[in-house]
Amino acid sequence: MKLVSVAISVPLRRTFDYALGEIEPGRLLPGVRVRVPFGRREQIGVVLEPPREVGEPEFECRPVTAVLDETPLLDAELLALCRWAADYYHHPLGEVLATALPGPLRHGKAAPSTAAPTLLSLTAAGSVALPDLPARSAALRAVLEKLGEGALSRATLLEAQPKAAAAIRRALERGWIGHVAAAGGAELRILETPPPLTAEQTAALEALRAAPPGYAATLLEGVTGSGKTEIYLQLTADALAAGKQVLVLAPEIGLTPQLAERFERRFGARVASYHSGLSDNERARNWMRARRGEVDVLVGTRSAVFLPLARPGLLIIDEEHDVSYKQQEGLRYAARDLALIRAQRLRIPAVLGSATPALESRHNAAAGRYRHLRLQQRVFTAAGPRIGVIDMRAQPLQHGLSTPVLEGVERHLAGGGQALLFLNRRGYAPALLCHDCGWVAPCPNCDARMTLHRARRRLICHHCGHSVPMPLACPDCGGTELVPVGQGTERVEDSLRLRFPGRRIERFDSDRLGRAGELERLLADVRRGAIDILVGTQVLAKGHDFAGLSFAGVLDVDQALYGSDFRALERMGQLVTQVAGRVGRKGQPGEVLLQTHQPEHPLLRILVQEGYPAFCEALLRERREFGLPPFGYLALLRAEARQEGEALAFLRQARELMPENSGVEALGPAPAGMARRAGYHRAQLLLRGASRSALHRLLERWLAAIETLPAAKRLRWSVDVDPADLF
Ligand code: ADP
Ligand code: ZN
Ligand code: ZN
């Protein structure tokens, strides 16, 4: 009889065999989805190989219930990539495939019908009507003005102006805008004239174009505003002219609309985006458009690395150092690493862009695995900013703001510039303290304090989301003098409002930017110069270009200097460099001030005095000394359980099962950095291999052994290959 092997999205590291029943073997092609019985329910699975002839199987196999696709949904390349990821991350293949598919397809819905997206463009009647629009037609005006700069797809327009749906409809009815076909490969036109390249850009582009066809990885290091995106656009033009597709990864949803917009404007190209901000149906449609080759440029976040590509030509990973590329749950993949593997397997070039490349990438470039190209200068400004360090030990504090920082803001605002204050902590204050007895509001579920959100009058735990109304009195002693301790962005914003009345101050953090399109709207206000002071978390550290910014204060560098994670310093250096790279206006160098209680910290001094490359060299020396990545290969076995001690006990048993002389060292087990979170006690066991292959050989055998432990079925545990942090 014949059996077919199917991957199902369940947490088991194996595949499942099914009989064919009434089904024609020829329909069970690899990559086709099937409905199969599983336990007492049915599941959607993916066929992995053509049915194979077996003798009588040892136990009875149930038959496949239904075949869902006439042609494979996943092509051979994507299927192989998923297999590679399942092997490398030691994760069940069925769950990897589920990660690669958008929700509706994962759940067995029919592949949606699609068509190439069209673009909206301003008509002659629209240009005539625009100047005479009455003031109350603001939304309509905004739509016409935006399209006046170049055609855009409805999706991209709505990402920039989320409330524009009605205005778009009205403009279409009146004939002020119309649909035009987006350009595909062959009939590609350059709509927007590219600027003449700077000497640095020309050199970089020539080097990229000179590469022989096939796989090559290039690290393009250049500050924000140095023209990296312009290089992506020109490389994309080459790929599109050759009839190929381009996949562009960005670390954040907030960065994808701007990118999509630039590609649409330049080429009128068929662009689709892919990120969690889209509806399930849009995701499924764009996934199928990529699969069917109906779009040429795909712009997306982490999970877009799994988009099927009908005609792959180029992979671009923007802000390649960003930690958001690492998924921190389920399949813990690193999209940058996976993108490189994919490019290698597809034999196409990959470009990694960043102002602050990850240590790993710099190391790979130094070792000759990547070509290293640099753009040292911003297109519009010359000198880099002056960076100063403020010794906070000697400073009177005003809500976490030192006098030099406040004066700096004042000076630069007076000079017509904008100021940015960076603090990676949202809320009003990270703790609420009773002045009478010293009680500090704890989270009942975590080893953590509750953060005060004063505007909402609540205490919220940032680790589990637990939220309670702000207490009026201390639950321990009844005292009513409850004092917020420390600073969050909300508090900094409040104190700036008192200090700078009449200035427009906006906060950029996930509390403030909840609504779709809010970030885009605020960024547009920043660019028009309508916002004077920006206060924000890492949202502001990503690749947004602010032309008017002349001052930045990094309020708490110490968070990283004291941070217990081995990557904390690298991230601090990236942050400071990224923030500094945003500062300085046309012809005017900017100013950056770093607040710290450790001005003598050797690495901080190297960063400030010698710059990011020297800082990275110093960090790499440390990493080499301690055998940390990229000089050692890590995996982290995590476990968590309701009962105290259970997770640790499980990891001890697991450690007992570790094969001897594997070339892999086990450190721990030990309680996790935060030993209790969301009601779970957490522990971890760190593995360090001198070579990647030794680590993977060990994991392969050892995980199979761990799975047989009775405790393995009772508690939650996972393996994290190349962990981004050790918490
Ligand atoms: P990055 O991606 O490094 O942040 P961009 O490519 O976005 O840099 O360039 C920053 C700004 O400079 C953009 O507004 C872009 O249109 C413009 N720009 C890029 N290259 C040139 C050039 N050669 N001449 C003029 N303007 C340019
Ligand atoms: Zn008290
Ligand atoms: Zn909590």
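Residues numbered from 1 in each chain as written. Chains lettered and ligands numbered in written order. Predicted model: local features only at pLDDT ≥ 70, side-chain atom pairs only at ≥ 80, totals over all residues. Heavy atoms only, no water.

Caption draft 1: Structural view of the overall build of the chain. Helix and strand content of the chain: 22 helices and 31 strands. Taken over the C-alpha trace, the chain has a radius of gyration of 27 Å; the compact-globule value for 727 residues is 27 Å, and the two agree within 12%. Here the chain, with 727 residues, has 56% of them falling under the buried criterion. As displayed, the chain has an accessible area near 31,000 Å², and 51% of this comes from carbon and sulfur atoms. Once the 92 positive and 80 negative side-chain charges of the chain are each reduced to a mean point, those two points are 2 Å apart. (Helix = DSSP H or I, 4+ residues; strand = E, 2+ residues; numbered from the N terminus. Rg over C-alpha atoms; globule rule 2.2 N^0.38 Å. Buried < 20%, exposed > 50% of the residue type's maximum accessible area, 1.4 Å probe, protein only. Areas by Shrake-Rupley, 256 points an atom, 1.4 Å probe, with all protein chains shown as cover. Lys, Arg positive; Asp, Glu negative; His and termini not counted. Charge placed at Lys NZ, Arg CZ, Asp CG, Glu CD.)

Caption draft 2: Focus on the coordination of the zinc ion (ligand 2). Distances from the zinc ion (ligand 2) to its protein donors, namely Cys 434 (SG), Cys 437 (SG), Cys 474 (SG) and Cys 477 (SG), fall within the range 2.3 to 2.4 Å. Around the zinc ion (ligand 2), the four donor atoms sit at angles spanning 103 to 113°, and that spread fits a shape best called tetrahedral. Counting residues between consecutive donors of the zinc ion (ligand 2) along the chain gives the motif C-x2-C-x36-C-x2-C. On the criterion of sequence distance, the pair formed by Cys 434 in strand S19 (residues 431-434) and Cys 474 in the loop between strand S22 (467-469) and strand S23 (482-485) is long-range, its members being 40 residues apart. Cys 474 shares its class with Cys 434; the two are buried. (Donors = N, O, S within 2.8 Å, 3.2 Å for Na, K, Ca; no water. Tetrahedral: all angles 85-135°; square planar, octahedral: opposite > 155°, others 65-115°.)

Caption draft 3: Layout of the environment of Leu 219. Locating Leu 219 in the fold gives a position in strand S10 (residues 216-222). On the basis of relative accessible area, Leu 219 is assigned to the buried category, the value being 0%. Residues Leu 219 and Arg 369, spaced 150 residues apart in sequence, show a C-alpha to C-alpha distance of 9.8 Å. Excluding residues within four positions of it along the chain, Leu 219 makes contact with Glu 320, Leu 352, Pro 357, Ser 361, Arg 362, Ala 365, Tyr 370, Arg 371, His 372 and Leu 373. (Contact = heavy atoms within 4.5 Å.)

Caption draft 4: Structural view of the site of ligand 1. Of all residues adjacent to ligand 1, which total 17 residues, the nearest are Pro 196, Gln 201, Gly 225, Thr 229 and Arg 262. One of the side-chain N or O atoms of Thr 229 is found 2.4 Å from an oxygen atom in ligand 1. (Near = heavy atom within 4 Å. Polar contact = N/O pair within 3.5 Å; in protein donor to acceptor, adjacent residues only side chain to side chain.)

Caption draft 5: Structural detail: the nonpolar core. In this structure, Phe 306, Leu 637, Phe 650, Leu 687 and Trp 702 are the most contacted members of the largest nonpolar core, which totals 82 residues. For Trp 702, the contacting residues outside a window of four places in its chain are Leu 637, Ala 654, Arg 655, Leu 657, Met 658, Pro 659, Leu 685 and Leu 687. The next biggest cluster of nonpolar side chains, apart from the first, holds 41 residues, and it includes Phe 422, Phe 546, Val 579 and Phe 615. (Core = buried A, V, L, I, M, F, W, Y, C linked by side-chain atoms within 4.5 Å.)

Caption draft 6: View of the domain arrangement of the chain. Segmenting the chain into domains produces domain 1 (2-106), domain 2 (118-181), domain 3 (199-375), domain 4 (386-427 + 487-625) and domain 5 (633-721). One C-alpha centre belongs to domain 1, the other to domain 2; they are set 46 Å apart. (Domains from an automatic or database assignment.)

Caption draft 7: Looking closely at the pattern of salt bridges. Tallied over the full model, the rule gives 49 salt bridges. Notably, a salt bridge pairs Asp 720 with Lys 326, separated by 2.9 Å at the nearest N-O pair. Here Asp 720 is found in strand S31 (residues 716-721), whereas its partner Lys 326 is found in the loop between strand S14 (312-318) and helix H12 (335-346), with 394 residues between them in sequence. Lys 326 shares its class with Asp 720; the two are buried. One salt bridge in this structure joins Arg 425 and Asp 556, with 3.0 Å as the shortest N-O distance. Within this pair, whereas Arg 425 is found in the loop between strand S18 (418-422) and S19, its partner Asp 556 is found in the loop between strand S26 (549-554) and helix H17 (558-561), the two being separated by 131 residues in sequence. Connected through salt bridges with shared partners, the residues Arg 504, Glu 506, Arg 512, Glu 518, Arg 521, Asp 525 and Arg 528 form a single ionic network. (Salt bridge = Lys/Arg side-chain N within 4 Å of Asp/Glu carboxyl O.)

Caption draft 8: Representation of the environment of Arg 652 within the structure. With respect to the helices and strands, Arg 652 occurs in helix H21 (residues 646-656). The class for Arg 652 is partly exposed, based on a relative accessible area of 47%. Along the primary structure Arg 652 and Ala 670 are separated by 18 residues, whereas in three dimensions their C-alpha atoms are 9.4 Å apart.

Caption draft 9: Spotlight on unusual backbone geometry. Of note, the bond from Pro 629 into Pro 630 is cis; its omega dihedral lies within 30 degrees of zero at 5°. Considering the arrangement of structural elements, one finds Pro 630 in the loop between helix H20 (612-626) and strand S28 (633-641). Following Gly 668, the chain continues into Pro 669 via a peptide bond in cis, with omega recorded as 10°. Here Pro 669 is to be found in strand S29 (residues 664-677). Residues other than glycine seldom take positive phi values, yet Arg 457 does so here, at roughly 55°. Despite not being glycine, Asn 661 shows a phi value in the positive range, around 45°. Within the element layout of this structure, Asn 661 appears in the loop between H21 and S29.

Caption draft 10: Highlighting the coordination of the zinc ion (ligand 3). Ligation of the zinc ion (ligand 3) by protein atoms is provided by Cys 443 (SG), Cys 446 (SG), Cys 461 (SG) and Cys 464 (SG), these donors lying 2.2 to 2.3 Å from the ion. Classification of the site at the zinc ion (ligand 3) as tetrahedral follows from its four donor atoms and the range of 104 to 114° in their angles at the metal. Each donor residue of the zinc ion (ligand 3) lies on the same chain, and together they follow the pattern C-x2-C-x14-C-x2-C. A relative accessible area of 1% places Cys 461 in the buried class.

Caption draft 11: Here's a closer look at the sheet that holds S18. Read from one edge of the open sheet, six strands run S17-S27-S26-S18-S25-S24, paired in parallel fashion. Edge positions in the sheet fall to strand S17 (386-391) and strand S24 (505-508), since each has one partner strand and no second. The mean inter-strand angle of the sheet, taken between neighbouring strand axes irrespective of direction, is 20°. Relative to strand S27 (residues 591-596), S17 is paired through six bridges, and the arrangement is parallel. Bridge assignment links Val 389 to a residue of S27, and that residue is Leu 594. Relative to the sheet, helix H18 (residues 568-582) contacts S17, S18, S26 and S27, its axis offset from that of S26 by approximately 160°. (Pairing = 2+ DSSP bridges. Axes fitted to C-alpha atoms, helices over the stretch in contact; angles between N-to-C directions.)

Caption draft 12: Looking closely at helix H7 (residues 165-173). When H7 is considered as a whole, its buried residues turn out to be Ala 167, Ile 168 and Ala 171. Down the axis of H7, the buried set is contained in an arc of 100°. They therefore lie on one face. Turned more than 90 degrees off the buried face of H7, the exposed positions are Arg 169 and Glu 173. Against strand S7 (118-122), helix H5 (138-148), helix H6 (154-160) and strand S9 (177-181) lie the buried residues of H7. Gly 175 sits one or two residues past H7 and shows a positive phi near 75°. (Arc of directions from axis to C-beta.)

Caption draft 13: Region of the structure containing the packing of aromatic side chains. Taken as a whole, this structure holds six aromatic pairs when the rule is applied. When the centroid spacing of 4.9 Å and the interplanar angle of 85° are considered together, the rings of Tyr 88 and Tyr 89 count as edge-to-face. Taken as a pair, Tyr 88 and Tyr 89 share a single burial class, namely buried. A ring pair is formed by Phe 650 and Trp 717, whose centres lie 5.8 Å apart and whose planes are at 50°; its orientation type is tilted. Of this pair, Phe 650 sits in helix H21 while Trp 717 sits in strand S31, and the two are 67 residues apart along the sequence. Assessed through its relative accessible area of 18%, Trp 717 is described here as buried. If you follow Arg 283 out to its NZ or CZ, it ends over the ring of Tyr 274, 4.5 Å from the centre. Sitting above the plane of the Tyr 680 ring, Arg 642 keeps its charged end 4.3 Å from the centroid. (Phe/Tyr/Trp six-rings, centres within 6.5 Å; stacked < 30°, edge-to-face > 60°. Lys NZ or Arg CZ within 6 Å of the ring centre and 35° of its normal.)

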